[in-house]
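An overview of the molecular structure
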Amino acid sequence: MTQPLYYEQNADGSGFAFLGSEPEYFRSLAELHQIGAEFFPQGYELYLVTAENWQELYDLGVFDNENDY
């Protein structure tokens, strides 16, 4: 079963993956995929967090500490 992996990405390709209560920095999309494979060996699906969807995701509890991997 795949797990959702939420992330923010900057214009230069770097960004942060949201893993439980701690954001995990990545330098490139390839590094983001390495993080995904490490934390979710059964599979993951990427979800980009934007200014437009942040509030909705927040309201759904995506960033709550109790949603740890």
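It should be noted that the structure appears before, not after, this text.
Residues numbered from 1 in each chain as written. Predicted model: local features only at pLDDT ≥ 70, side-chain atom pairs only at ≥ 80, totals over all residues. Heavy atoms only, no water.

1. Description of the sheet that holds strand S2 (residues 15–19)
The mixed open sheet is built from 4 strands, whose spatial order is S3-S2-S1-S4. Every interior strand has two partners, whereas the edge strands, strand S3 (22–26) and strand S4 (44–48), have only one. The mean angle between the axes of side-by-side strands here comes to 35°, regardless of whether they run parallel or antiparallel. As paired strands, strand S1 (residues 3–9) and S4 are joined by 5 bridges and run parallel to one another. Each residue of the ladder has a partner; that of Tyr-6, found in S4, is Tyr-47. Contacts from helix H1 (residues 29–39) reach S1, S2, S3 and S4 within the one sheet, and its direction differs from that of S3 by about 135°. (Pairing = 2+ DSSP bridges. Helix = DSSP H or I, 4+ residues; strand = E, 2+ residues; numbered from the N terminus. Axes fitted to C-alpha atoms, helices over the stretch in contact; angles between N-to-C directions. Contact = heavy atoms within 4.5 Å.)

2. Focus on the pattern of salt bridges
This structure, assessed with the given rule, holds 1 salt bridge. For Arg-27, the salt bridge is made with Glu-31, and the minimal N-O distance between the two is 2.9 Å. Overall, the relative accessible area of 57% leaves Arg-27 in the exposed class. (Salt bridge = Lys/Arg side-chain N within 4 Å of Asp/Glu carboxyl O. Buried < 20%, exposed > 50% of the residue type's maximum accessible area, 1.4 Å probe, protein only.)

3. Some thoughts on the pairing of S1
Consecutive side chains along a regular strand alternate between the two faces of the sheet. Strand direction decides the pairing type here: S1 and S2, joined by 4 bridges, are antiparallel. Residue Tyr-7 lies in a different strand from S2, and its bridge partner there is Ala-17. Hairpin connection, S1 to S2: the antiparallel pair is bridged by 5 residues, and Gly-13 has positive phi, about 95°.

The values are spatial; any link to function lies outside them.
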